[in-house]
Amino acid sequence: MILSRLKTKANIPVSLSLKLSRWSVLGIVALISLQATASALLWYAQQAKAYGCVGNGDITITTNTTWNTSMCYNDVTIKNNATLTIAGNTIQEMTNLNVGTTGPRSDGFIIIQGDAQTGKGVEIRANNVVVQSGSIISADGQGYAAQQGPGGSATGGGSYAAAGYGGPNVVYGSLVAPISLGSGGKTTAGGGAIKISIVGSLTLDGFISASGIDPSCVPGQATGSGGSVWVDFTAAGSWAGSGYIQANGGTAYESCSAGVVGGSGGRISVTGYGTRSASAGVGNNAGDFGAGFTGAAGTIVEKSSSQSQGTLKIHGDSTLPTKLFASDPVFNAYSISARVSVGNGGDFVLPTATTFDAGEDSFITIADSSNFTVQSGATFSMTGRRYSPPANPNYIYHRAQLDISDSNTFTMQGGSVFSMTTYSIINNLGTGVFDTSGLATLSITGTLNTNHAATNRFATDVTVPYGGLITHPANTTTKQNWLDLSFTNLTLDSGNFAIDVNGKGYAAGQGPGGSNTGGGSYAAAGGNGSEVVYGSMTAPTDLGSGGAAGSGGGAVKITIAGNLVNNSTITASGSTGGNNCTN
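For every chain, the first residue of the written sequence is number 1, and numbering continues from 1 along that sequence. With pLDDT at 70 or above as the cut-off, local features in this predicted model cover only qualifying residues; side-chain atom pairs require 80 or more to be listed or tallied, and sums for whole chains, interfaces and linings still use all residues. Remark: hydrogens and water are excluded; side-chain values derive from all non-hydrogen atoms of the structure.

Caption draft 1: Broad picture of the overall build of the chain. The numbering of helices and of strands both runs from the N terminus, where a helix is a DSSP run of H or I of at least 4 residues and a strand a run of E of at least 2. Looking only at helices and strands, one finds three helices and 44 strands in the chain. To be clear on the numbers: accessible area is Shrake-Rupley with a 1.4 Å probe, and residue cover counts the displayed protein chains and nothing else. Approximately 24100 Å² of the chain is accessible, and the part contributed by carbon and sulfur atoms is 52%.

Right under this line is the structure:
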């Protein structure tokens, strides 16, 4: 019997086998055992490359259907506006999944439920997935119920990838492999969790969504957070289509009389794809689509099979910042168009060959005694912009902003790359540190808003081109802000006021020479106003005083170790009725 089986597996003639000695037989058995083990491992490896249970056949769903347990089929098609509801904490395996059909068009829908006890949603495993236009895979509102979950709130929006408005400052779940349910806000549930493992291709012309539930416009309501969507290509497959993946927090309504506040965005990750069409992407992952009282934006990770870490995107019109921690994974690229706080008590490092783009409508804050370091070979860019809408004479500004608050540091190391557009702003105030001394050159193309208390260490050669500006914040009743800057070489290009602190001295009627009836005084008497004269003639650093109708000019001190090329204007004039000083 044993030799007969050996013949089947190894194609050894029985007559020859009977002539073998005992030791030869044992040797052959050992050899065949190794061959069988290798064959088994190969078989299992081959099976791991493909999904589906051919023996269970195909299934076409044309009426509303529920799967309460894990299932396995060959091809699954959902059409005729039918809805397939899948219970949470299950794994659904199939060869191909078709949600909706074409010719004629017939939509299909899948509802992915969550299991609050295990905190799990549903995993779909398929070789190929097609979601037609008008068809949806949805886990909207299938996360934790209202006020429940790790970021649940009884008073505000639910929190998950970031804080919900008025909700707890709780952040949980994975950036790269998100499978957590979204948390409930005061009145609505969070989004559920969808994982889709794909061997071949995803063609998405419809929607995959795991958003929090929107409320009615009733004052005092608060929505749930977004949930999780993770699409994982296990064999470098293709990602195509013009549809969207989203995991939004529930919508906030500023127009309601007492406001409806939003939950935070959820987490989206698309990993392992080999090719991607230009139209394939993710939708808005902000705290909501509403106007105000929004939660913080969620996170989006896109990682191709050729990338070591992928790209982290944080986009959306948010009221609260999404936090990036020093302990977070490092990505190849960061794309920010939302409010984001960096560091949060740790050192946030941008390593070699990494890019960080603070895009339009971005507000980057270095927070909680943190250091943001851009290492050699890394790039930090700020790309704010403005545009004029059709038939509208007014510009709309979409600025990029970097705030370096007290006891926080931003450092560009030697060999790193810094760039900014005209509509970008750096605020280095208080005791913040803006350090570009490791660079050979620095172009301040946008605005540097700083003061004497902050530390600014500049590159060897600094240029303020047309459109660039250095300034300080306005003062009111006391001297709090002025410029005290040191450069090696400074070039101010022509065509604009490169250093401008006009009207940023003492407020109207304030200062040593302030007047409520006439012009403010400083180096001399103001017209029909104060006759107080103060300050140094050779080393002036005082602010101008405010007159009855305007503020005084600010104060500028510049120390040059090398060369100054000034083809522009350094100005510290008063606004209507004020006086000023420049050194």
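Caption draft 2: How the structure looks around the state of the cysteines. Any cysteine sulfur atom paired with another within 2.5 Å is treated as part of a disulfide. One pass over the full model with this rule turns up one disulfide. Note that C53 is cross-linked by a disulfide to C72, the S-S spacing being 1.6 Å. Residues C53 and C72 are joined by a disulfide whose S-S torsion is about 90°; by sign, that bridge is right-handed. Placement of C53 in the loop between helix 3 (22–48) and strand 1 (59–61) and of C72 in the loop between strand 2 (65–67) and strand 3 (75–78) is noted, with a sequence separation of 19 residues between them.

Caption draft 3: Structural view of the packing of aromatic side chains. Aromatic contacts are taken between Phe, Tyr and Trp rings whose centres are within 6.5 Å, Trp giving its six-membered ring; a plane angle under 30 degrees counts as stacked, one over 60 as edge-to-face, and the others as tilted. Evaluation of the coordinates by the stated rule reveals 20 aromatic pairs. Residues W67 and Y73 carry aromatic rings whose centres are separated by 5.6 Å and whose planes lie at 25° to one another, so their mutual orientation is stacked. Each of the two residues, W67 as well as Y73, counts as buried. The structure contains a cluster of three or more aromatic residues connected by ring pairs, namely F331, Y334, F348, F356, F372, F380, F410, F418 and F434. Working rule: Lys NZ or Arg CZ, within 6 Å of ring centre, within 35 degrees of ring normal, means a charge sits over the ring. The ring centre of Y160 lies 5.5 Å from the NZ or CZ of R267, which sits over that ring. Directly above the aromatic system of W482 lies the positively charged group of K479, at a separation of 4.1 Å from the ring centroid. Relative accessible area decides the class of each residue, using a 1.4 Å probe on protein chains only: under 20% of the type maximum gives buried, over 50% gives exposed, and in between gives partly exposed.

Caption draft 4: The arrangement of the pairing of strand 7 (residues 122–131) in detail. Here strand 7 lies mainly inside the structure; eight of its 10 residues are buried. Following DSSP output, two strands are said to pair if at least two bridges run between them. Direction of pairing for strand 5 (residues 90–99) relative to strand 7: parallel, over a ladder of nine bridges. Paired with L97 across the two strands is V129, which belongs to strand 7. Two strands pair when backbone bridges link them, and strand 7 and strand 9 (residues 193–198) are joined in this way by five bridges, in the parallel orientation.

Caption draft 5: Highlighting the sheet that holds strand 6 (residues 108–112). Overall, parallel pairing links the six strands, which are arranged 2-4-6-8-11-14 in an open sheet. The open sheet has two edge strands with one neighbour each: strand 2 and strand 14 (244–246). Sheet twist, expressed as the mean angle between neighbouring strand axes with direction ignored, is 10°. Throughout, an axis means a line fitted to C-alpha atoms (over the contacting stretch in the case of helices), and angles, computed between N-to-C directions, take values from 0 to 180 degrees.

Caption draft 6: Inspection of the sheet that holds strand 30 (residues 409–412) at higher detail. Spatial strand order, 22-25-30-33-36: five strands in an open sheet with parallel pairing. This sheet does not close on itself; its edge strands, each paired only once, are strand 22 (347–350) and strand 36 (455–457). Pairwise comparison of adjacent strand axes, ignoring direction, gives a mean angle of 5° for this sheet. Here four bridges tie strand 25 (residues 371–374) to strand 30, and the two strands are oriented parallel to one another. Its bridge partner lying in strand 30, V374 is registered against M412.

Caption draft 7: Layout of the pattern of salt bridges. We count a salt bridge whenever a side-chain nitrogen from Lys or Arg sits within 4 Å of a carboxyl oxygen from Asp or Glu. The full count for this structure, using the stated rule, is seven salt bridges. Here E123 ties to K195 by a salt bridge, and the two come within 3.9 Å at their closest N and O atoms. Taken as a pair, E123 in strand 7 and K195 in strand 9 lie far apart in primary sequence, 72 residues in all. Note on E123: relative accessible area 14%, which makes it buried. In this structure, the salt-bridge partner of D435 is R457, at a minimum N-O distance of 3.4 Å. In this pair, D435 is assigned in strand 33 (residues 433–435) and R457 in strand 36, connecting sequence segments 22 residues apart. Residue D435 is classed as buried on the basis of its relative accessible area of 12%. Residue classification places R457 among the partly exposed residues on the basis of a relative accessible area of 41%. Through salt bridges with shared partners, a single network forms among E123, R125 and K195.

Caption draft 8: Quick look at the nonpolar core. Put simply, buried Ala, Val, Leu, Ile, Met, Phe, Trp, Tyr and Cys residues joined by side-chain atoms within 4.5 Å make one nonpolar core. By size, the foremost hydrophobic cluster in this structure holds 52 residues, and its most contacted members are F356, F372, F380 and F410. Among residues more than four places away in sequence, those in contact with F372 are V342, F348, L350, F356, I366, F380, T409, F410 and T411. Of all hydrophobic cores here, the second largest spans 39 residues; its members include I86, L97, I112 and A210. The contact definition used throughout considers only heavy atoms, calling two residues in contact when any of these lie within 4.5 Å.

Caption draft 9: Quick peek at the side chain of S269. Tracing the backbone through its elements, the reader meets S269 in strand 15 (residues 267–273). What makes S269 buried here is its relative accessible area of 0%. Polar contacts, as used here, are pairs of N or O atoms within 3.5 Å; protein pairs need one atom able to donate a hydrogen and one able to accept it. Residues neighboring in sequence count only if both atoms are side-chain atoms. Of note is the side chain of S269, whose polar atom sits 2.6 Å from the backbone oxygen of V176. Beyond its immediate chain neighbours, meaning those up to four positions away, S269 contacts L175, V176, P178, V229, W230, V231 and V301.

Caption draft 10: The arrangement of unusual backbone geometry in detail. Of note in the backbone geometry, D361 takes a positive phi value of approximately 60° without being a glycine. Along the polypeptide, D361 turns up in the loop between strand 23 (355–358) and strand 24 (362–367). Relative accessible area serves as the criterion here: at 32%, D361 is assigned to the partly exposed category. Despite not being glycine, S369 has its phi angle at roughly 55°, a positive value.

Caption draft 11: Here's a closer look at the pairing of strand 37 (residues 461–464). Only one face of strand 37 is buried, namely the one carrying V462 and V464, since none of D461 and T463 on the opposite face is buried. Inspection of the sheet shows strand 34 (residues 441–443) paired to strand 37 by three bridges, in the parallel sense. Its bridge partner lying in strand 37, L442 is registered against V462. Judged from the four bridges that link them, strand 37 and strand 40 (residues 489–492) form a sheet pairing that is parallel. Note that in strand 40 the partner of D461 across the bridge is N489.

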